[in-house]
Amino acid sequence: METVRFEELQLDASILRAIVDMGFEQASPIQAKAIPAVLAGGDIIGQAQTGTGKTAAFGIPLLQKVDPKNKHLQAVVLCPTRELAIQVSEELRNLSKYLHGLKVLPVYGGQDITKQIRSLKAGAQVVVGTPGRVMDHMRRKTVKFDDIKMIVLDEADEMLNMGFREDIETILSDIPEERQTILFSATMPKPILEIASKFQKDTEIIKVVKKELTVPKIEQYYYEVRPKNKMEVLSRLLDLYAPKLSVVFCNTKRQVEETVEGLKGRGYFAEALHGDMKQLHRDRVMNGFRNGKVDILVATDIAARGIDVDDVEAVFNYDVPQDDEFYVHRIGRTGRAGRTGRAFTFVVGKEVYKLKDIQRYCKTKIVAQPIPSLHDVANIKAEKVLDQVNGIIESVDLTKMIELIEKKVNEEDYTSLEVAAAFLKMTMGDNNEEIEEYKKTTREYNKSREYNNRNNNNGPSKGMVRLFINIGKKQNIRPGDILGAIAGETGMAGKLIGTIDLYDKYTFVEIPKEYADEVIDVMKDAKIKGKTINVEVANKR
Ligand code: AMP
């Protein structure tokens, strides 16, 4: 498969620098095609869904085309929901970290409009907004479209499903014609093509053409996890299956490094393999892997190309790959030369749809599995220790040890079985901390299942309402603060509170519908970490 590096795409040095900071190693397939096309100035429809790197596919060329010295609005991105608008503007902000003077502003319903107007007046070159709110600003003349070079409709099919067609058409009609119009959509229904023919010129459709691929016949499993539990689940699977050699795949260099650190911290022999490493260093790591000094390689897709080791017993997709083809390449690292192999994929939230796509396209079955409990892991660990015990009893003179145990049994009134059990527990390193961690992870897992059971629109779970709070990570807020404040102020049980999603400046929290009014009412006078807050129902347009 062809590798396209960002350096080949004629990008500004400051954008490239931000991409390096984000840890991206190569352009995803949709980026490799869309970035040059958008830079060339044509109108395009990009067919790609979440998880393929689509935001950066239009975001990188968009930022490159905006002039940071001109303070007028130059690009508009329309998104179906407030949450997506926030996510997209965060990605654009990360990518424009070194573009001094460039401002990206999210605008959406529910947020104080006077504040938005002030920010718009201060000058923002890029606005990311929901159609309703952008229309609102248009009517108030608080956004001026004179200098607009580009408009992007992100998740266009979703916007149409949500009834935004008329708003979109009004906005598109109001923007000067010499603009570039970019549409991104997961599906290609008729209305999308109608909008394209009405508002685009010489549309080019860009999608990743899929090759016929043969998937190796190996067992493939997936686990629904929350991002912060991935390390715990990975170590459980490593303990449970005890593969001799395994490869863990991550999407970015940054994630590779974090994962290696996590694994080493837990006592595994893991090493990183990514594109930034010098050949000598790579050779050393690969030799270590071949001769058994390294059990686990943690790699990016590019770096793993050169792995020609036959007895890799397991492949872990720590991140869902950005492309179906990557998946097939990754799992092909195991089950080679007729050996058995297993592939495990971790899935977060909506990524489950990406996995369905992979299954459909690769005509393969990836089976959902519950996260193994510590109990399962403990049983396996015990079996292993007891196997070693057999060897010792048969080959080592234990007379001295037997005398010591006898003494202990006589003095303390224990049975030799109890003493053996205590030794077993010590050897397994099983302690209460682990049990507590297990309970926590299981709780998180149940929550993540609930999250995944939601509908495709990112709506709240059944019977729940999603609230928006204008405070987030930047104010040092943690999920516990939100939970504590809501439970503390309203007296409702903390366990009734559902998923809490923290962003830099905002938080979304789910609570049961019947509590919504009360929570909003009580919380409007409350403070979190000394800060006055605003709470309201999310998903306003
Ligand atoms: P999206 O498809 O835009 O929702 O992106 C999914 C995730 O992939 C986001 O967290 C991006 O930051 C990340 N991402 C985008 N492009 C790349 C890339 N070339 N390499 C690795 N990760 C990427």
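Since the structure is predicted, the reported quantities are computational estimates derived from the model, not experimental observations. (Residues numbered from 1 in each chain as written. Predicted model: local features only at pLDDT ≥ 70, side-chain atom pairs only at ≥ 80, totals over all residues. Heavy atoms only, no water.)

**Describing the layout of surface pockets**
Counted as a void, the second largest pocket has a volume near 530 Å³. Along its surface, the second largest pocket is lined by 15 residues, and Val389, Leu398, Ile405, Ala420 and Phe423 are the ones closest to its centre. Listed by contribution, the elements that provide at least two residues to the lining of the second largest pocket are helix H16 (374-395), helix H17 (399-412) and helix H18 (416-428). (1 Å grid on protein atoms, 1.4 Å probe; cavity = no way out; pocket = protein on both sides within 12 Å on 5 of 7 lines; lining within 4 Å. Points joined across faces, edges and corners; volume = space filled by probe spheres on them. Helix = DSSP H or I, 4+ residues; strand = E, 2+ residues; numbered from the N terminus.)

**Describing the pattern of salt bridges**
Pairing between side chains of opposite charge can happen when the charged atoms of each approach one another. Summed over the entire model, instances satisfying the criterion amount to 28 salt bridges. A salt bridge links glutamate 536 to arginine 82, with the nearest nitrogen and oxygen atoms 3.7 Å apart. Pair noted here: glutamate 536 is in strand E20 (residues 535-537) and arginine 82 is in helix H4 (residues 82-95), with a separation of 454 residues, a long-range link. Just as glutamate 536 is buried, arginine 82 falls in that class too. Close ionic contact of arginine 165 with glutamate 169 constitutes a salt bridge, the shortest N to O distance being 3.1 Å. Taken together, the residues arginine 165 and glutamate 169, both in helix H8 (residues 165-174) and four residues apart, mark about one turn of the helix. When its relative accessible area of 30% is taken as the criterion, arginine 165 is described as partly exposed. Connected via shared salt-bridge partners are Glu83, Arg226, Arg466, Asp501 and Glu510. (Salt bridge = Lys/Arg side-chain N within 4 Å of Asp/Glu carboxyl O. Buried < 20%, exposed > 50% of the residue type's maximum accessible area, 1.4 Å probe, protein only.)

**Considerations on the confidence of the model for the protein**
The predicted model of the protein averages 88 in pLDDT, with 93% of residues at 70 or higher. Ignoring residues within four places in sequence, the model shows residues 449-458, a span with pLDDT below 50, making 29 contacts including any to other chains. (pLDDT = per-residue confidence, 0-100. Contact = heavy atoms within 4.5 Å.)

**Let's talk about the pairing of strand E15 (residues 464-469)**
With six of six residues buried, E15 lies mostly within the body of the structure. Two strands pair when backbone bridges link them, and E15 and strand E17 (residues 507-512) are joined in this way by six bridges, in the antiparallel orientation. The partner of methionine 464 across the bridge, within E17, is proline 512. Here three bridges tie E15 to E20, and the two strands are oriented antiparallel to one another. When the sheet's bridge partners are listed, isoleucine 469 is paired in E20 with valine 535. (Pairing = 2+ DSSP bridges.)

**Some points on the site of the ligand**
Contacts to the ligand come from 15 residues, most closely from Gln26, Gln31, Gly51, Gly53 and Thr55. Interatomic distance of 3.3 Å between a side-chain N/O atom of glutamine 322 and a nitrogen atom of the ligand. Its residues assigned to classes, the shell around the ligand comprises two nonpolar, eleven polar and two charged. (Near = heavy atom within 4 Å. Polar contact = N/O pair within 3.5 Å; in protein donor to acceptor, adjacent residues only side chain to side chain. Nonpolar A, V, L, I, M, F, W, Y, C, P; charged D, E, K, R; others polar.)

**Remarks on the sheet that holds strand E4 (residues 126-129)**
The sheet built from seven strands is open, its strands ordered E3-E4-E2-E5-E6-E1-E7 with parallel pairing. Of all strands in the sheet, those with a lone pairing partner are strand E3 (104-107) and strand E7 (204-206), marking the two edges. Pairs of neighbouring strands in the sheet enclose a mean axial angle of 15°, with direction left out of account. Here four bridges tie strand E5 (residues 150-153) to strand E6 (residues 180-185), and the two strands are oriented parallel to one another. Following the sheet pairing, methionine 150 is matched in E6 by glutamine 180. Each of strand E2 (75-78), E3 and E4 touches H4; the most contacted strand, E3, lies at about 175° to it. (Axes fitted to C-alpha atoms, helices over the stretch in contact; angles between N-to-C directions.)

**Side note on the packing of aromatic side chains**
The final tally for this structure, using the stated rule, is 13 aromatic pairs. An angle of 35° between the planes, with centres 6.2 Å apart, marks the rings of tyrosine 223 and phenylalanine 344 as tilted. You can see tyrosine 223 sitting in strand E8 (residues 219-224) and its partner phenylalanine 344 sitting in strand E13 (residues 342-347), a full 121 residues away along the chain. Phenylalanine 344 matches tyrosine 223 in its accessibility class, with the two residues each being buried. Ring-pair connections join several aromatic residues into one group, and the members of that group are Tyr221, Tyr223, Tyr241, Phe316, Tyr318, Phe344 and Phe346. Cation over ring: arginine 82 sits above phenylalanine 468, and NZ or CZ is 3.9 Å from the ring centre. (Phe/Tyr/Trp six-rings, centres within 6.5 Å; stacked < 30°, edge-to-face > 60°. Lys NZ or Arg CZ within 6 Å of the ring centre and 35° of its normal.)

**Quick look at the sheet that holds E17**
Taken together, four strands build an open sheet; the order of strands is E16-E17-E15-E20 and the sheet is antiparallel. At either end of the open sheet lies a strand with only one pairing partner, and these are strand E16 (500-502) and E20. For this sheet the average axis-to-axis angle between neighbouring strands, irrespective of direction, equals 25°. Helix H21 (residues 516-523) rests against E15, E17 and E20 of the sheet, and its axis sits at about 155° to E20.

**Here's the deal with a nonpolar patch on the surface**
A grouping of Leu386, Val389 and Ile393 is seen on the molecular surface, where their side chains present a nonpolar patch of about 250 Å² in accessible area. With respect to the helices, strands and loops of the structure, valine 389 is situated in helix H16. Take valine 389: its relative accessible area is 31%, and that puts it in the partly exposed class. (Patch = residues over 30% accessible without salt bridge, like charges linked within 9 Å, V, L, I, M, F, W, Y side chains within 5 Å. Areas by Shrake-Rupley, 256 points an atom, 1.4 Å probe, with all protein chains shown as cover.)

**Observations regarding H21**
Where H21 is concerned, the buried positions are Ala516, Val519 and Met523. Along the axis of H21, the buried residues cluster in a sector spanning 70°; they form a single face. If you follow the buried residues of H21, they end up packed against E15, helix H20 (479-490), E17, strand E18 (527-528) and E20. (Arc of directions from axis to C-beta.)

**As for the packing of helix H3 (residues 54-65) against H4**
For the pair H3 and H4, the least separation of the axes is 10 Å and the interaxial angle reads 50°. Comparing their axes, H4 and H3 come out oblique. Considering only the axes of H3 and H4, their crossing is right-handed. Within the contact between the two elements, H3 uses Thr55, Ala56, Phe58, Gly59, Ile60 and Leu63 and H4 uses Val88, Glu91, Leu92 and Leu95. The residue inventory of the contact of H3 with H4, partitioned by class, reads seven nonpolar, two polar and one charged. (Parallel < 35°, antiparallel > 145°, perpendicular 65-115°, else oblique. Left-handed = near helix turned anticlockwise from the far one by under 90°.)

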